[in-house]
Each structure stands twice: as C-alpha cells, then as structure tokens.
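A structural walkthrough
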Amino acid sequence: MFKNKEEFKTEFTKRIIEGYGRPLKEAHITEKFMVLEKLIRDQAAINWALTKEEVQDSQQKQMTYFSMEFLIGRLLVNNMMNLGVYDIVKEGLADLDINIHELEELESDPGLGNGGLGRLAACFMDSLASLSMPGHGNTLRYQYGLFKQKIVDGYQTEIPDQWMSIGNMWEIRKPKHAVDVRFWGKVIWDDSTGRFKHVDAECIRAVPYDMPIIGNETTVTNTLRLWDAEVSTNIPTNKDFRQYSQEVNEICQNLYPDDSTLAGRTLRLKQQYFFVSAGLQALIKSHLRTYKTLDNFHEKNVIQLNDTHPVLAIPELMRLLIDEHDYDWEDAWDIVSHTMAYTNHTILSEALEKWPIDTMRALLPRVYMMIEEINRRFIGYVKEHVSNPDEVFNHVLIIKDGQVHMAHLAIVGSFSVNGVARLHTDILIHQEMKAFAELYPTKFNNKTNGITHRRWLAYANPQLKELLHDTIGDHWIKEPDELEKLMAYVDDPDIQKRFMQVKRDRKRILARYIQKNNGILVNVDSIFDIQVKRLHAYKRQLLNVLHIIYLYQEMKRNPEFRIYPRTFIFGAKAAPAYFFAKKVIKLINSVADVVNSDPETSDYLKVVFLENYGVTLAEMIMPAADVSEQISTAGKEASGTGNMKFMMNGALTLGTLDGANVEIHERVGDDYCEIFGLTAKEVDSLRQSGQYNAWDYYNNNIKLKFVVDSLVDGSWSASREEFRIIFEELMNYNDEYFLLADFDSYIKAQQDVEKRYLDKSAWAKMCLINIAKSGFFSSDRTIKQYADEIWHIQPVKK
Ligand code: 26Q
C-alpha cells in the first residue's frame, strides 16, 4: 500500500482510472470520495487479516458486543488518524488540487442508534481496538438509521435517514458466512430422533457485512458485523412469495426509535432474534473450526448484552447447543450462563422490555420453550434459596402476567450484571433489582460509562489538542489519565488566556453554523449554555425552558434586572409518537421566536434549537460549550455520556446529583461544578410520602406562577391551547419529574454560574481543571475494567 505522499498520489490516481475509466481531472467529487474511502479500507484490511490470524493462532478469548445500536459517526478522518496517514493523505490530495475537507463533508453519519446506548457501543469499539483487545460488535444492517429531524414552523418532522445512498465503502459483504434464521412454524416431537423439531418455519437468510474497527497506533483491527436479511434458498413452500419477500425486506429496513411504547412491535422482536441468532451461529461455526468442540465455548467467548435488546441470545444459545449440538440441559446451561454478561441502562419501569407470551410463542416457538424451562428451573432455585419464595416471585419471575420479562431473563442467564454509573448500580442493587441482588450477590457490579477521548477531544477539538500538545505533550492520547498533568498549568495566566481563546474559536465555529442554519446572529462573547440529548420528560429540557421564560419575564418587568448575555442552545430528537416531547420542542422554538426578536432582550438572551442533533453535530457542539446542562430528575438518568464529553472539552457542569454527574462532582469538587436540586434519596422520599403537590409550589412562588401561567395565557402562541398539555403535565398530573420542586434551586444555580463567569481567570481555571480531571471518563478506563473484571480478555499478542 502507500507509505508516503507520492505513493498515495500514485495509488489514488490509478484507482480513479481503474474504477471510473477516466482521468482524475474529470472525476466527480463523489467518485474521489469513494475511491479514498475504499483505499483507506484496503489499507486497513492488511492489519485486519493479520489480527484475525493472530487471535486464532493464540487461541485467546474474544468478546462480542451484542447491540441493536452502534452510533459510529463518520469514519473517514477518524480511521485515517488512527492509521497515522491523515497528514500524508491531506497533503497528497492538496497536491492533486483536492481539498480533503470537501471529501470529509460527503461522508454520511450512519445513525444506527438512538442515543447514549448506541454511542456507548461505538466508543467501546474504539477503545477495544486502541487497547489492542480482541473485541467485536454484532448488530443489524439497518437500511435507514434513526430518522432525520427537520423543524417546520417550530414542529419536529421526520424524514428517512438514507445513510447508504452513495454506498458504504467500509463494509465487506461476506456471503460465505451467511446463515439461516427461522421464524414461526411449530415444534413437534420427533420419535425417530428422540428430540424436538421446529417445522413449517419461515427461513430468512442472514448475510453479514463486516466493517473494520481500526485502533489508534496499533495494528489490531477488530470487526463490526452488520447482518442483513435476504431471501433464503430454503424457501417456504406454503407461503405467498410476495408476502415472504416483504417479510424479508422489512427486517432490516428501520431502526426503532426509542419510544418506550409496546404496541404492535413484533417486527422489533424479529429484528432482535434475527441478529442474535445469526451472530451466535457464526460464533459457533468459527469456534468449531478452531476447537472442534463447544465444551470450551465460554472459555474462548464472552458476549456482552447491551441492555435487554439482545437477551434472546440466552435461550437461543441454549437451543443451538441442545437441538443442534446434542448437549443436555445442565451442560448447555453451564456454557450459556458463563458466556453471557448483561448491562442495564435504565430503571424507568416503562422502558423495561416485556413481550407478550403469545407474540413470542408464535414467532419463536422453540426459543419460547427454552424460556419456559429456564423459568421453571429458576423457580426451583428460588424455592431452594429463600424462605419467602412467594413474596420474592413477585419481583423476579421471568414469565409473569402473560409476559416475558427480558431483564429478569437477562439476570438469570448471565454471570455478570452491571449498571453504568455508581449511583445507577446502587439503585439497581438496593431498589429496582433488590430481590435479584439478594439471590445472586456476586453477579452485580458497576462499570461507569466512558467516552473515547480520541474522537471527543483529539478529533473533535484540534484547537484544544494543540494547547495540550504545547503544555503536557501528546502522551494523554495513549494514557488519558495523563490529562491530569494539566493541573500544573491551571493557575498560569497565559494558559488560561490561551484556553479562553480556544473556546472562543470553537464558539465562533458554532456561531457561524447557527447563523447559516437558523439565521440567528449570536454573540460569541455570551455564555453558551447547552443542552443536547434525546428529548424525554425525565431529562427535563422543560426546566431549562422555564428558566429562560423566567429570565425573559424578569427583564420585561424590571428594567433594572440585567443578566450577562447568554445563548441557550438545544438539540434533541423526540420519538415520533412521543406527543409531550414534541410539544416541548415546539415550546423551545416558540420561546426562541419571541425572545430573539424582542429588541428589549435580544442583546442579552438568545435561544437556539439546532435541527437534527447527532454524532456529527455533537462534534461541533461539545467544544463550544461554556455550560453543560445535565438536569435530569435525580435517580432517573442511568449515567449520561454527553456530560463527560462537555467536561473533557472544558465546560462547567450544571447538574443534579444524577448518573455520572455524581462522579464528575466527586472528581472536581464543589468549586468546579455547579450542583443543584433534590438528591435521588430526597426525590424518592418525596414521592413515597405522597405529600408532593405541584400546586403548593405554584401558589407559594409568584415568579414560578407567572412562568407556568405563561404556558396557557397566549405568551408563546396565539392559541392558548398549544401548550396546554405541558401545563396539565405540570399542574394536573402533579409534575411527575419534580420540576417545580427544583425550580428555585435551579434559578439560584444559574445565578451562581453567571457570577463565576464574570471572573474570567477563575472560569478558565475551572475549565482547565475539568479537562485535567476528565481522564477517568475515557472509555479506555471503562473497557479496561470490563476486560479485567468481567470479560477476562487480554490484549492481542503481536
Ligand atoms: C425500546 C423498545 C422499543 C423501541 C426502542 C427501545 C429502546 C431503544 C433505545 C429503548 C432504549 C434505548 C436507548 C436507551 C439509552 O440510550 N439509554 C442511555 O444509555 C446511556 C449509556 O449507558 C446512558 O448514559 C443514559 O443514561 C441512558 O439513558
């Protein structure tokens, strides 16, 4: 391949001619882009093949991350950087009169996930490869990712995300590794073989597409495998062909948006089984090639289940071992329950997956039998281990009230159950999953989330990277804990100034984007106060809006009331069927319209809603924030990872003691973050007491009353009905997420933020301390903990 600029230019030019039959100067820009991507992929393929060989030869254990979502973001620049060829390519292209940035912008951002859980999977892939660990991903090849968001008249509308419209150069189709996955049909007893047989099934062909995961400064290259559905050669004879091909096509068509509603989602169950069964079959085949037996499957493989979405892996591996590889129940169970590890990402009960028995039994008759047997034996286990089984059953049964409880199946079938931040794990152990934690005290453990500092600092914020280079060098890229060395500079006035300049540069980049996309002129010297994340009631974007309304009303009422200029920036997608969340988006945009165009306030207050928040936008937003809004109701946000990205780029966390905010606070201390609001314990007792009454807060706080009344008095919309449901949610449904209880405390925290910002030197110091302390939140640390404490995998020997 190419080793220097000249070789690159020769190879690139040659490929354009070979691929498109015309000289470089006549090639279209998309052709140049595709040739470059493919060239980089081929460059990676050498190491890719070597890694596979090394892992096989050394017979070491491997981890496979089963996840319905991988929000990988753009790969071209990231991969070139990890391969250490970015500068060669950039200069080579420049010689050929091609601006690399124009090619970069052509790459689509595959939206193969909803939010935090999907992005976490992608960060983990980056850290695994960069730590030279054998860890792969297993998922679906969605034709359309999460919808693209357009704001029309202030309302969210959705359009399909055609991420593959010019193809995906990173993937390689592997038809020889295709397997069949079987749905529907029935299970009969076959006397001749003495075993159960799944008959009249509908076979669907699962074809893998592999993408290389290229580590940083390592030759280790792992695999992200995406399964696509195709027509099987075992065509069912009793089925209408048109209906069959439609069933095939729809499996990988769409990613489900996180709407936490259960209605009519058999297709999602199909998706789950499809990629889980295919992934397991492929793992088994590959294992057998090397070891000729499955007895040691769990010694060479570990599977991490990303939430309950892939939990069918447990009964499916039982089925494969028993029905197709002749294992008896006990031996199969021993293998399965030593292979599977489960990560929980939520305690919101409405988000815990449950499937109606009838749906499951019809679609997956043999798998359902496995679940029934797992449940039956588990009941026996409970009876043996507790004195009050009937009481315990209430909290732990896998099959209950006509439904299969996937989280319960996950816990019973896994050797490890982890939460994603310390507070979250504590709540799992002591409240949500208490009965299980008592049954299996050693299974539960915490792995606080992390983010890859390579993408979220080195790649997204080259200006800050340069500052770090000039102060603490570059070793933090390998060892993120070394960011701590920045502590030696936090009082240095020159470095403080330089940091503020970096921040200003980044704010200017975002401001330009806002000007272009929203037509809003924002003041780069105002405080950039940012909340970007999925729109959910518990994340309380509404509390942020109530504060903005409060500021606006105060300014209008009292000419003496002045604030330091602020720009409030939001980015959030709402699930298409989540009516309340969509109304909050409309409210943000309506408030923005009024506030931004009011000459009395517009020098002080700007509100911006950025359309279509996703990985690529986040890369521009994170470096530009002064204030990071992490204001969920305490106890509700499992971890959060945006909070870590902001911190690493030098923003002040304004947050509740929720999720990983607790651990951010612990690391920087009270002086360098802004904590407010009820604690998880206080929220709990307030709810338990039954004493919480939203009207008390409303009646006892005249300013709050004005703010809430404005939702229905025509302040933000000609129609007083427009935001009625938000008012109702707060007042007549008694404010489920305690916004009113935290309102005062939030206002006061915001006043503190402003006070801090007035002292520029103290502010800069605070931001630098946040960066210095952010190394802990690198996913390298998280992955090392998973590797040591759960997976027991080692770096690939080279
Ligand atoms: C469920 C049923 C039907 C359709 C969709 C879903 C679904 C899809 C996605 C349910 C949940 C999700 C995603 C959840 C998620 O992103 N959780 C976040 O995970 C992060 C990584 O651990 C945490 O930091 C966040 O706190 C948590 O909210």
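If you're wondering where the values come from, they're calculated on a predicted model, not measured in any experiment. (Residues numbered from 1 in each chain as written. Predicted model: local features only at pLDDT ≥ 70, side-chain atom pairs only at ≥ 80, totals over all residues. Heavy atoms only, no water.)

Time to look at the packing of helix H30 (residues 739–758) against helix H31 (residues 760–772). One way to put it is that H30 packs onto H31 with a least axis distance of 5 Å and a crossing angle of 105°. Comparing the axis directions of H30 and H31 gives the class roughly perpendicular. Taken together, the residues of H31 that come into contact with H30 (itself represented by Val 753, Arg 756, Tyr 757 and Leu 758) are Lys 760, Trp 763 and Met 766. Across the contact of H30 with H31, the residue classes break down as five nonpolar, no polar and two charged. (Axes fitted to C-alpha atoms, helices over the stretch in contact; angles between N-to-C directions. Helix = DSSP H or I, 4+ residues; strand = E, 2+ residues; numbered from the N terminus. Parallel < 35°, antiparallel > 145°, perpendicular 65-115°, else oblique. Contact = heavy atoms within 4.5 Å. Nonpolar A, V, L, I, M, F, W, Y, C, P; charged D, E, K, R; others polar.)

This paragraph deals with the sheet that holds strand E15 (residues 403–405). The three strands lie next to each other as E13-E15-E14, forming an open sheet whose pairing is antiparallel. Across the chains shown, the open sheet's two edge strands, defined by having one partner strand only, are strand E13 (354–356) and strand E14 (399–400). For E14 and E15, the ladder comprises two bridges, and the chain directions are antiparallel. Bridging from a neighbouring strand, Ile 399 pairs with Val 404 of E15. Across the sheet, helix H15 (residues 406–413) touches E13 and E15, and the angle it forms with E15 is around 45°. (Pairing = 2+ DSSP bridges.)

So, on to the domain arrangement of the protein. It is common to give the size of an interface as the accessible area lost on bringing the parts into contact. Considered domain by domain, the protein is made up of domain 1 (59–73 + 109–449 + 784–791) and domain 2 (453–777). Its C-alpha centre places domain 1 at a distance of 35 Å from the equivalent point of domain 2. Listed as interface residues are 43 residues of domain 1 and, on the opposing side, 46 residues of domain 2. For the pair domain 1 and domain 2, the two sides together bury roughly 3,500 Å², of which 51% comes from carbon and sulfur. At the junction of domain 1 with domain 2, the criterion picks out four salt bridges. A salt bridge links Arg 422 to Glu 666; its shortest N-O distance comes to 2.6 Å. Along the contact surface separating domain 1 from domain 2 lie 20 residue pairs in polar contact (both at pLDDT 80 or more). Put simply, the parts of the chain that give the side of domain 1 that touches domain 2 at least two residues each are helix H6 (116–130), strand E3 (148–152), strand E4 (155–159) and helix H16 (422–432). Looking at the side of domain 1 that touches domain 2 element by element, the count peaks at seven residues for H6. Residue composition of the side of domain 1 that touches domain 2, by class: 15 nonpolar, 15 polar and 13 charged. (Domains from an automatic or database assignment. Buried area = accessible area lost by both parts, 1.4 Å probe. Salt bridge = Lys/Arg side-chain N within 4 Å of Asp/Glu carboxyl O. Polar contact = N/O pair within 3.5 Å; in protein donor to acceptor, adjacent residues only side chain to side chain.)

The next point concerns the side chain of Asp 658. Here Asp 658 lies in the loop between strand E22 (652–655) and helix H25 (661–668). The charged side chain of Asp 658 is buried without a salt bridge, its nearest counter-charge being Arg 540 at 7.5 Å. Reaching out from Asp 658, the side chain makes a polar contact with the side chain of Ser 632 at a distance of 2.6 Å. Within the structure, Asp 658 has its side chain in polar contact with the backbone nitrogen of Lys 636 (distance 3.4 Å). Contacts of Asp 658, omitting those with residues within four sequence positions, involve Leu 423, Ser 632, Thr 633, Ala 634, Gly 635, Lys 636 and Glu 637. (Buried < 20%, exposed > 50% of the residue type's maximum accessible area, 1.4 Å probe, protein only. Lys, Arg positive; Asp, Glu negative; His and termini not counted.)

With that settled, the discussion passes to empty space enclosed by the protein. If you walk through the whole model with that rule in mind, you get five cavities of 30 Å³ or more. The space that makes up the largest cavity amounts to roughly 160 Å³. Surrounding the largest cavity, 14 residues form its lining, Leu 75, Asn 78, Ala 122, Asp 126 and Ile 213 being those nearest its centre. The element contributing the most residues to the lining of the largest cavity is H6, with four residues. Within the lining of the largest cavity, the residues separate by chemical class into seven nonpolar, four polar and three charged. (1 Å grid on protein atoms, 1.4 Å probe; cavity = no way out; pocket = protein on both sides within 12 Å on 5 of 7 lines; lining within 4 Å. Points joined across faces, edges and corners; volume = space filled by probe spheres on them.)

What follows concerns the site of the ligand. Leu 117, His 345, Asn 449, Glu 637 and Gly 640 are the nearest of the 21 residues found near the ligand. A distance of 2.8 Å separates an oxygen atom of the ligand from a polar atom in the side chain of Asn 449. Take Ala 638: an N or O atom from its main chain is 3.3 Å from an oxygen atom of the ligand. The protein chains hide 92% of the 610 Å² of surface that the ligand would expose on its own. Here the shell around the ligand is composed, by residue class, of seven nonpolar, eight polar and six charged. Looking at which domains feed residues into the shell around the ligand, each of domain 1 (59–73 + 109–449 + 784–791) and domain 2 (453–777) supplies at least three. (Near = heavy atom within 4 Å. Areas by Shrake-Rupley, 256 points an atom, 1.4 Å probe, with all protein chains shown as cover.)

Turning our attention to the layout of surface pockets. There is about 820 Å³ of room inside the second largest pocket. Along its surface, the second largest pocket is lined by 31 residues, and Lys 52, Gln 62, Arg 225, Ser 286 and Arg 289 are the ones closest to its centre. The set of elements that each furnish at least two residues to the lining of the second largest pocket consists of helix H2 (29–58), strand E1 (62–66), strand E2 (135–140), strand E10 (221–231) and helix H8 (266–291). Considering each element in turn, the lining of the second largest pocket owes the most residues, nine residues, to H8. The class makeup of the residues in the lining of the second largest pocket is six nonpolar, 17 polar and eight charged.

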